[in-house]
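# Structural overview for review
As a plain string of letters, each chain reads:
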Amino acid sequence: MPAREELGNHQEIFYSKSAIPRPRIVRSEGMRFVADDGRTFIDTNAGAAVANIGPANERVLQAMVEQGRRMTFSYVRFSRHDPNVELTARIAELAGPGFERVHLANDGSEANEMAIKLLRTLAYQVGKPAKRKVISLYPSYHGGTLATMGWSGDSDYTAPYGDLMVPSTKVPAPLTYRRPAGTTVDEAALEAAGHLERAILELGPDNVLAFIMEPVGGTATGANVAPAAYLKAVREICTRHDVFLVFDEVMSATRTGTFLAAHHQPDALPDAAVIAKGLGAGYVPLAAVAVSEELVDRLRASGGFDLSHTYNANPIACAAGCAVLDEMTDRKLIENGAVMGEELMAGLRGLAERWEIIGDVRGRGLMLGLELVADRETKAAFSAEENVSAEFRRIAMDNGLLIGGRRLNGGAFGEYLMMTPALIITRTEVDEIIERLDTTFAKLTEQLHVLGHLSA
Ligand SMILES: Cc1ncc(COP(=O)(O)O)c(C=O)c1O
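On a predicted model such as this, the values are computed, not experimentally measured, just so you know.

## Remarks on the environment of G182
Note on placement: G182 falls in the loop between strand 6 (169–172) and helix 7 (185–203). Using a count of 7 C-beta atoms within 10 Å as the deciding quantity, one classes G182 as exposed. Spatially, the C-alpha atom of G182 lies 32 Å from that of A442, the residues being 260 residues apart in sequence.

## Regarding the site of the ligand
The immediate surroundings of the ligand are formed by 16 residues, with D107, G108, S109, G218 and V250 found nearest. The element contributing the most residues to the shell around the ligand is helix 4 (residues 108–125), with 3 residues. Taken together, the residues of the shell around the ligand sort by class into 5 nonpolar, 8 polar and 3 charged.

## What to know about the domain arrangement of the protein
Parsing the protein into structural domains produces domain 1 (4–53 + 332–450) and domain 2 (58–330). Each of domain 1 and domain 2 has a C-alpha centre, and these two points are 26 Å apart. Between domain 1 and domain 2, the residue contacts involve 33 residues of the former and 29 residues of the latter. Of all the secondary structure elements, the ones that give two or more residues to the side of domain 1 that touches domain 2 are helix 1 (46–49), helix 11 (333–354), strand 11 (358–364), strand 12 (367–372) and strand 15 (415–419). Considered class by class, the residues forming the side of domain 1 that touches domain 2 number 16 nonpolar, 12 polar and 5 charged.

## Quick look at the pairing of strand 12
Taking burial as the measure, the 6 residues of strand 12 include 6 buried ones, the bulk of the element. Burial of strand 12 is two-sided: the residues M367, G369 and E371 facing one way and the residues L368, L370 and L372 facing the other way are all buried. The pairing of strand 11 with strand 12 spans 6 bridges and is classified as antiparallel. Bridged to V361 within strand 12 is L370. Linking two consecutive strands that pair antiparallel, namely strand 11 and strand 12, is a turn of 2 residues; a positive phi of about 60° is found at G365 within it.

## Details of the sheet that holds strand 3 (residues 40–43)
Strands pair in a sheet through their backbones, by hydrogen bonds, and they do so in one of two ways: parallel or antiparallel. Spatially, the 4 strands line up as an open sheet ordered 1-2-3-13, and their pairing is mixed. Only two strands of the sheet have a single neighbouring strand rather than two, namely strand 1 (25–29) and strand 13 (401–402). Pairing of strand 2 (residues 32–35) with strand 3 involves 3 bridges; the strand directions are antiparallel. From the neighbouring strand, V34 faces strand 3, where its bridge partner is T40.

## Some words on the nonpolar core
Counting 136 residues, the largest nonpolar core has F211, V246, V274, A288, V289 and A290 as its most contacted members. If one sorts the elements of this core by residue count, helix 10 (residues 315–330) sits on top with 10 residues. Structurally, this core is a two-domain feature, drawing no fewer than three residues from each of domain 1 (4–53 + 332–450) and domain 2 (58–330). Dropping the residues within four chain positions of it, A290 is found in contact with I91, A92, A95, F99, V102, A272, A273 and I275.

## Quick word on the packing of helix 3 (residues 82–95) against helix 10
One way to put it is that helix 3 packs onto helix 10 with a least axis distance of 8 Å and a crossing angle of 35°. Here helix 3 runs over helix 10; the crossing is left-handed. Residues P83, N84, E86, L87, R90 and L94 of helix 3 pack against P315, C318, A319, G321, C322 and L325 of helix 10. Classifying every residue of the contact of helix 3 with helix 10 gives 8 nonpolar, 2 polar and 2 charged.

Cut-offs used in this document
Residues numbered from 1 in each chain as written. Predicted model: local features only at pLDDT ≥ 70, side-chain atom pairs only at ≥ 80, totals over all residues. Helix = DSSP H or I, 4+ residues; strand = E, 2+ residues; numbered from the N terminus. Buried ≥ 20, exposed ≤ 12 C-beta atoms within 10 Å, placed from the backbone. Near = placed C-beta within 6 Å. Nonpolar A, V, L, I, M, F, W, Y, C, P; charged D, E, K, R; others polar. Domains from an automatic or database assignment. Contact = placed C-beta atoms within 7 Å. Pairing = 2+ DSSP bridges. Core = buried A, V, L, I, M, F, W, Y, C linked by C-beta atoms within 7 Å. Axes fitted to C-alpha atoms, helices over the stretch in contact; angles between N-to-C directions. Left-handed = near helix turned anticlockwise from the far one by under 90°.

Have a look at this one:
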């Protein structure tokens, strides 16, 4: 048996060796982390698009303590409690018409699965037993459970699992930058929507349960925004063929300037919206599936949906979720996200004018991506050996910046940096981020020139 100090260890012990060291964080202050060696970092990702309202929020902490003192746990399958109603009412109010009923879950993967299982149960119970097939996008990311990995179009994660996963049918994502040559964004969007319709027809509409997609992409596309023409087309296609449309808003909910990214296009609302990350804002694991009252009426009339995980609608998590949403509403943090998102986007566009290796600036609100390219004209990506997103992230840390980014599907879709900062971000912090990114681009570009990876 090893000595006690050698037991356990950080979660990091399970991960592959990384070129980017993981600092040991001892404290968080606003958008900043303080490491054990005294270094501070601006966290441009709110953890992982999670810590929306910042750390140590008294209102949230108090709500959790008070709820815990009153009643810590009751199992939703055996009893009912008010924090559940309080939270689902707040979510339904923010989500608006078409999302009057809310099923709670613990994280994004689980909630995506719950959404599909809930819809499948309805189809099964109303006499459509063949409806089992799920269609999703390539690339995309929907989670780390075996089912959600099967729906994800993200080969970097899924390779070891083979037929443990049940793969969905994949259709091309409506990528706005890496779109088919010679097409406009709208033409490419309609072409991508055509792939969905063909897939439904090939599988047979009677066999297709749902199409799941991210309206603004997360880690698999680096904030690709599905064009309006695409959303409108896929809504019509799904309705025409009796296929449920599911928006995976695990990351996008609350951070694109509206509560749901779906709200940017009211004529293309999904049948189910899945919300996670920012809902618990880092205080508690919390996620939700929002659907219409009418759908749940049909579900109940046909036999209900008897599935839950032990911690679903946990009272302390619900109380925290209510306080998080109250903070967001009272402090107008979603609106702040819209304004600061514009500022950050403008700053990133400015950087693109200075630095050749930025091929694309994209995103919406506080979900923003920068695509890195070896050649702007041809959109040629860097090679795996150059691994520029990792190198950028490493240099950024020297400049006090934590930033996400990766190569997509082994480089098949290029390579990007992504920012999903907390909704509490200020103008000063936006400026600081841009300044530190600029310094990082200067250093990286110099390095690439020295190594001969960029022409003069
Ligand atoms: C779009 C999207 N869907 C699903 C998930 C999975 O959520 P979780 O990690 O909370 O299970 C993520 C996580 O990054 C995500 O970004």
